[in-house]
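Close look at the chain arrangement
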Amino acid sequence: MTRQNIILTGFMGTGKSTIGRLLAKEIGYTFIDTDHVIEERVGKSIPQIFAEDGEEEFRRLEAELVQELADQQGLVIATGGGLVMNPENVVALEKTGKIFCLTATPEEILERVSRQPGSRPLLSERNPLLKITQLLSEREPTYKKFQQITSSRACLNEIVKKLQRSLIPN
Ligand code: S3P
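Cut-off values and rules
Residues numbered from 1 in each chain as written. Predicted model: local features only at pLDDT ≥ 70, side-chain atom pairs only at ≥ 80, totals over all residues. Heavy atoms only, no water. Helix = DSSP H or I, 4+ residues; strand = E, 2+ residues; numbered from the N terminus. Rg over C-alpha atoms; globule rule 2.2 N^0.38 Å. Buried < 20%, exposed > 50% of the residue type's maximum accessible area, 1.4 Å probe, protein only. Contact = heavy atoms within 4.5 Å. Areas by Shrake-Rupley, 256 points an atom, 1.4 Å probe, with all protein chains shown as cover. Lys, Arg positive; Asp, Glu negative; His and termini not counted. Charge placed at Lys NZ, Arg CZ, Asp CG, Glu CD. Near = heavy atom within 4 Å. Polar contact = N/O pair within 3.5 Å; in protein donor to acceptor, adjacent residues only side chain to side chain. 1 Å grid on protein atoms, 1.4 Å probe; cavity = no way out; pocket = protein on both sides within 12 Å on 5 of 7 lines; lining within 4 Å. Sits in = over half its atoms within 2 Å of the grid points. Nonpolar A, V, L, I, M, F, W, Y, C, P; charged D, E, K, R; others polar. Salt bridge = Lys/Arg side-chain N within 4 Å of Asp/Glu carboxyl O. Core = buried A, V, L, I, M, F, W, Y, C linked by side-chain atoms within 4.5 Å. Pairing = 2+ DSSP bridges. Axes fitted to C-alpha atoms, helices over the stretch in contact; angles between N-to-C directions.

**Digging into the overall build of the protein chain**
When helices and strands are tallied, the protein chain shows 8 helices and 5 strands. Whereas a compact globule of 170 residues would reach a radius of gyration of roughly 15 Å, the protein chain reaches 15 Å, a difference of no more than 12%. Principal-axis analysis of the C-alpha atoms gives the protein chain an extent of 50 × 35 × 25 Å. Counting only residues that meet the buried cut, the protein chain has 42% of its 170 residues in that class. Taking the contacts inside the protein chain whose residues are at least 6 apart along the sequence as the reference set, 72% of them involve residues at least 24 apart. Roughly 9,400 Å² of accessible area belongs to the protein chain as shown, and the carbon and sulfur atoms make up 50% of that amount. Taking the average location of the 22 positive side-chain charges in the protein chain and that of its 23 negative ones, the two points are 7 Å from each other.

**With respect to the site of the ligand**
Contacts to the ligand come from 14 residues, most closely from Lys16, Asp35, Arg59, Arg120 and Arg139. Contact distances for the ligand include 2.7 Å between an oxygen atom and a side-chain N or O atom of Asp35. Gly82 is positioned such that a nitrogen or oxygen atom in its backbone is 3.2 Å from an oxygen atom of the ligand. Structurally, the ligand is housed in the largest pocket. Its residues placed into classes, the shell around the ligand shows 6 nonpolar, 3 polar and 5 charged.

**Let's talk about the pattern of salt bridges**
Across all of its chains, the model carries 10 salt bridges by this definition. For Arg60, the salt bridge goes to Glu57, with nearest N and O atoms at 3.0 Å. Taken together, the positions of Arg60 and Glu57, both in helix H4 (residues 55–69) and 3 residues apart, correspond to about one turn of that helix. Given the relative accessible area of 42%, Arg60 is considered partly exposed. The exposure class assigned to Glu57 is partly exposed, which follows from its relative accessible area of 25%. With a closest N to O distance of 2.8 Å, Glu111 and Arg115 form a salt bridge.

**Structural notes on the nonpolar core**
One finds Phe11, Met12, Ile77, Leu93 and Ile109 to be the most contacted residues of the largest nonpolar core, which totals 33 residues. The set of elements that each furnish at least two residues to this core consists of helix H3 (46–52), H4, strand E3 (75–78), helix H5 (87–95), strand E4 (97–103), helix H6 (106–113) and helix H7 (128–143). When residues in this core are grouped by element, the largest group, 5 residues, is from H4. With 13 residues, the next largest nonpolar core counts Ala24, Tyr29, Leu102 and Leu163 among its residues.

**A look at the side chain of Arg139**
Along the chain, Arg139 falls in helix H7. No salt bridge is formed by the buried Arg139, whose closest oppositely charged neighbour, Glu55, lies at an N-O distance of 5.5 Å. Not counting the four nearest positions on each side in its chain, Arg139 is found in contact with Phe11, Arg59, Gly81, Gly82, Met85 and Leu122.

**Quick word on the sheet that holds strand E2 (residues 30–33)**
Strand order in this open sheet of 5 strands is E2-E3-E1-E4-E5, and the pairing throughout is parallel. Unpaired on one side and paired on the other, E2 and strand E5 (147–150) mark the two borders of the sheet. On average, adjacent strands in this sheet sit at an angle of 25° to one another, irrespective of strand direction. When strand E1 (residues 5–10) meets E4, the two strands line up parallel, connected through 6 bridges. Pairing of Leu8 across the sheet is with Phe100, part of E4. Where helix H1 (residues 16–27) meets the sheet, its contacts fall on E1, E2, E3 and E4, and the angle it forms with E1 comes to roughly 165°.

None of this, on its own, says anything about what the molecule does.
So, in structure tokens, the structure goes:
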């Protein structure tokens, strides 16, 4: 039996890791958080990697990891929010799984990322809400290609159930 991977993407602060971890537990899959794997491998936090090695190096590490994960099955993968902007990553991930995109409003995103100050180098600007809106509109055409699941106001268990229902072929 093949166990197609389930990939959760979407903007920073849309709940990919929290929801992914719950979903994996529910269906008996292994949970992978791409940012976390990269941090472990490099031995630095994401902000440190951006500051010391640059975003380009971070994107290279993401792409390298994606190629490895695309050879495996039975995974729930929470991606970093920018990972699917590289079309090669999308092709590799879609070969062994289905990609869902979690969504939330810019205000909710700001509220959630503000709970972990300094954790999102791309948002460390004077006006993070403006940056969120700009980045979201740049990324929207890509995010829209995937099945959308809103994480706005819904409770976590509802979202996990919705994802599970989406996995049942009709
Ligand atoms: C990024 C999202 C972050 C992390 C890095 C870049 C992005 O992950 O990969 O800071 O480009 O959107 P989360 O989406 O888990 O915050």
